[in-house]
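The residues making up each chain are set out below.
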Amino acid sequence: MAKLILSMEGLVLKEIPLVRERTTIGRKPNNDIQIDNLAISGEHAVIVTVINDSFLEDLDSTNGTLVNGQPVKKHFLQDGDVIELGKYRLKYLSEADARPAQDDFEKTVVLRPEMMRGAAERPVAPGVGVPPGLTLGELAAPASAPPTAKLRVLTGGGAGRELELVKPTTTLGKQGVQVAMISRRPHGCFIVHVEGNNLPSVNGERLVAGKPHALLDLDIIELGGVRMEFRSRG
């Protein structure tokens, strides 16, 4: 289990296990990690933790958020990263995550096969094939007898390669540039934008940030300059 070590001027103040999907940081008492200091905004930042991965997002704080001395808006946390909030430091320690070696195609296109179980708890707006009140967490939760599907890469160095969507969630893209997640549910497969300023597109139409989009057979996904064809075999 990943955790944070809170310190100030070298003095360790607290150890915080990241047991929740969303861990908020800020000056207000409703935050999961409250830092009562005027340099910290009321709602300063949030860490989204999904299985073995954690993402830090600055919530438009007044004084900003640094990671290893560099200002960030969104950051994929790695073991040993130090989050700086004024005089306070939060050191991120992740549990070792052994993964089998991947071929060049997967290293480029697939960022994490099991990364996002749910990026938010709130209901998302109904969309094509998305039942009203469905949450991102429900979309990404393990499904019983989900439909099988695959992606076929159409452009780039991996053109012609196919990726079987065998996991409940598959995350695609390039860290820090553009990342999206495909979730398999009993009623179909859905794609949702996860990270990056540029939104992926399906059949030439850009996704709506935070809103899952139902994928149909032969849909064309464009992500990070790579075009892929979705093929449903359910």
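Computed from a predicted structure; not experimentally measured.

The rules behind the values
Residues numbered from 1 in each chain as written. Predicted model: local features only at pLDDT ≥ 70, side-chain atom pairs only at ≥ 80, totals over all residues. Heavy atoms only, no water. Salt bridge = Lys/Arg side-chain N within 4 Å of Asp/Glu carboxyl O. Helix = DSSP H or I, 4+ residues; strand = E, 2+ residues; numbered from the N terminus. Buried < 20%, exposed > 50% of the residue type's maximum accessible area, 1.4 Å probe, protein only. Pairing = 2+ DSSP bridges. Core = buried A, V, L, I, M, F, W, Y, C linked by side-chain atoms within 4.5 Å. Axes fitted to C-alpha atoms, helices over the stretch in contact; angles between N-to-C directions.

**Student:** What should I look at first to understand the pattern of salt bridges in this one?
**Tutor:** Note on pairing: side chains with opposite charge can pair once their charged atoms come close. Applying the stated criterion across every chain, the model contains seven salt bridges. Close ionic contact of Asp 58 with Lys 73 constitutes a salt bridge, the shortest N to O distance being 3.4 Å. Taken together, the residues Asp 58 in strand E6 (residues 53–58) and Lys 73 in the loop between strand E8 (70–72) and strand E9 (74–76) connect sequence positions 15 residues apart. Taking relative accessible area as the criterion, Asp 58 reaches 5% and is therefore assigned buried.

**Student:** Please explain the sheet that holds strand E13 (residues 149–153) as it appears in this structure.
**Tutor:** Strands pair in a sheet through their backbones, by hydrogen bonds, and they do so in one of two ways: parallel or antiparallel. Taken together, the six strands give an open sheet; going across it, the order is E14-E13-E22-E21-E18-E19, and neighbouring strands pair in antiparallel fashion. At either margin of the open sheet sits one strand with a lone partner, and together these are strand E14 (162–164) and strand E19 (205–206). Summarising the sheet, E13 and E14 pair through three bridges and their orientation is antiparallel. By the bridge assignment for E14, Arg 152 is matched with Glu 162.

**Student:** Teacher, can you tell me more about the environment of Pro 29 here?
**Tutor:** Tracing the backbone through its elements, the reader meets Pro 29 in the loop between strand E3 (22–26) and strand E4 (33–34). A relative accessible area of 67% places Pro 29 in the exposed class.

**Student:** What is the right way to read the pairing of strand E5 (residues 45–50) from this model?
**Tutor:** For a regular strand, side chains alternate in direction, first toward one face of the sheet and then toward the other. The buried fraction of E5 amounts to six of the six residues, a majority that puts the element mostly inside the structure. Neither face of E5 is left uncovered, since the one carrying Ala 45, Ile 47 and Thr 49 and the one carrying Val 46, Val 48 and Val 50 both have all their residues buried. By the bridge criterion, four bridges tie E3 to E5 in an arrangement that is antiparallel. Paired with Ile 25 across the two strands is Ala 45, which belongs to E5. Bridge analysis of E5 against E6 gives six bridges, and the strand direction is antiparallel. Considered in E6, the bridge of Val 48 is made with Phe 55.

**Student:** Mind showing me how you'd approach the nonpolar core here?
**Tutor:** Proteins that are soluble and globular tend to have nonpolar side chains buried together. If you look at the biggest cluster of nonpolar residues, it comprises 20 residues, and the most contacted ones within it are Leu 4, Ile 35, Ile 47, Leu 56, Ile 83 and Leu 90. Where this core is concerned, the elements lending two or more residues are strand E1 (3–8), E5, strand E10 (82–85) and strand E11 (88–93). Looking at which element gives the most residues to this core, the answer is E11, with three residues. In this structure, Val 153, Leu 172, Ile 182 and Met 228 belong to the second largest nonpolar core, which totals 18 residues.

**Student:** What am I meant to see in the sheet that holds E11 here?
**Tutor:** Pairing in this open sheet of six strands is antiparallel, and the strands run E2-E1-E11-E10-E7-E8 from one edge to the other. Whereas interior strands pair on both sides, the edge strands pair on one side only; in this sheet they are strand E2 (11–17) and E8. Recorded for the sheet is a direction-independent mean angle of 30° between the axes of neighbouring strands. The pairing of strand E7 (residues 65–67) with E10 spans two bridges and is classified as antiparallel. Looking at E10, one finds that Leu 66 is bridged to Glu 84.

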